[in-house]
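Structure assessment
Residues per chain are reported as follows:
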Amino acid sequence: MRRLTAFSNVLMQRYLPDPFVFVLILTFVVFIGALLVTPSSPLEIVQYWGDGFWSLLAFGMQMVLVLVTGFVLASTPLVKKGLGKMASWSKSAPSAILLVTIVSLVASWVNWGFGLVIGALFAKELAKRVPKVDYPLLIASAYSGFVIWHAGFSGSIPLTIATEGHFAENLIGLIPTSETIFASYNLIILAVLFFLIPLLNVWMLPKEKDRVIVDTAKLTSSSAPSPSELSKRTPAERLEWSPWLSIIAGALGLIYLSIYFVDDGSLNLNIVNFLFLILGLLLHFRPMSFLHSVQEAVKGAGGIIVQFPFYAGIMGIMTSSGLAVWLSEVFVSISNETTFYMFAFFSAGIVNFFVPSGGGQWAVQAPIMLEAALQMNADVAKTSMAVAWGDAWTNMIQPFWALPALAIAGLRAKDIMGYCVVILMGSGIVISLGLLLL
């Protein structure tokens, strides 16, 4: 395992470019692909790219807030103390890797945005307290739990097809989560991955002499100046450091959240961000302390701001040119009743490279996959979950989703992707066999 991991790390360090360069290369690849296999002209493909460029603007802002609100909440004294207490349970490098993986898996199963943030924040806290742990592997382990998100409570595909009025309702009707998220085959795959992924991460731990040890001083964010250190002679300065504004705004936020959940509101990305923001404001207690933490967090958001529009442009080409449809049809054409779910999984994994959005990918692939399932007399619920698993699977080597975790950790994509390749292979085998045999 160590030899395989070492080879994978060397490969990624040597050949994986910065995520921004990666998205530029993907843009070129998709442009050429659309030109070769679809009837689109070069000018039409350019127009598809430009028309789609800002389609992820709202989602990009949500992802910036995932990073910022998570960082702000983690920098509060109470959360720091809580994460530190959890981190103190670990006394060795292997136990730190094991613990952060389990936390990431559970959090990602509950909600994908929550899992992305909590895993990275907890990994940083572990790195401060556990000597001689390999920091890149620790962050990769925190990210590895994300591979199960689409089979959990926030899975966009199973939740979509269970919601009245979804776009494929006239074709397949409503499919309850008992047939998708809580289906026996899905729970068995999850159980195996909950066992396998932590073990894989521990097995990948390099020998002590080969580990990358982080300087713990770099993990400690600078603290905001205390009120006593500042001149508070003016009314404005007294207002900036008064806790009452934070308390009032925080109370309003908590009242809203109480009403929302009482009315059976679901845990989505906006609610997670809202919850983290309100708790951060309350736990920082003073507006200027909160603002200082926000300013620190924003420094790591540059990659998200710049890269998401390019991914939106790629999605525009994939969907408008018909390239995503063509790719899905290729896999359908080589499938039979036995292999169909597995090939649906593989096709979704490939499409996810270019359409890294669960809802967007389902809009593209659902018409082809569901129609093929009905023609083969296959289970449409299982077909939907095969696409969902494929969408989550290749996130392990897709820098798009790793950006918030990397920004929190202060690492580059190439630092963790060698480990993530091993998780990709291990989880791919489990999911493929599960869809094929169960």
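As the structure is a prediction and not an experimental result, all values here were calculated from the model.

1. Structural notes on the environment of S333
Relative to the elements of secondary structure, S333 occurs in helix α18 (residues 323-333). Relative accessible area serves as the criterion here: at 56%, S333 is assigned to the exposed category. Put simply, S333 and G322 are 11 residues apart on the chain and 16 Å apart in space, counted from C-alpha to C-alpha. Engagement of the side chain of S333 in a polar contact is seen with the backbone oxygen of V330, the distance being 2.6 Å.

2. Structural notes on the pattern of salt bridges
Note that side chains of opposite charge can pair when their charged atoms are close. Under the counting rule described, the total for this entry stands at 6 salt bridges. Of the charged contacts, one joins R129 and E125 as a salt bridge, the two residues approaching to 2.3 Å between their closest N and O atoms. Of the two residues, R129 and E125 are both situated in helix α7 (residues 112-129); the distance of 4 residues between them amounts to about one turn of the helix. Exposure remark for E125: the relative accessible area of 7% places this residue in the buried category. Across the pair D210 and K209 runs a salt bridge whose closest N-O atoms are separated by 3.4 Å. Given the relative accessible area of 44%, D210 is considered partly exposed.

3. A short note on the nonpolar core
In this structure, M63, L138 and W389 are the most contacted members of the largest nonpolar core, which totals 142 residues. When residues in this core are grouped by element, the largest group, 12 residues, is from helix α23 (residues 413-437). Filtering out sequence-adjacent residues up to four positions away, L138 remains in contact with A96, I97, V100, A123, L126, A127 and V133.

Cut-offs used in this document
- Residues numbered from 1 in each chain as written.
- Predicted model: local features only at pLDDT ≥ 70, side-chain atom pairs only at ≥ 80, totals over all residues.
- Heavy atoms only, no water.
- Helix = DSSP H or I, 4+ residues; strand = E, 2+ residues; numbered from the N terminus.
- Buried < 20%, exposed > 50% of the residue type's maximum accessible area, 1.4 Å probe, protein only.
- Polar contact = N/O pair within 3.5 Å; in protein donor to acceptor, adjacent residues only side chain to side chain.
- Salt bridge = Lys/Arg side-chain N within 4 Å of Asp/Glu carboxyl O.
- Core = buried A, V, L, I, M, F, W, Y, C linked by side-chain atoms within 4.5 Å.
- Contact = heavy atoms within 4.5 Å.

Spatial relationships are all this shows, so hold off on functional conclusions.
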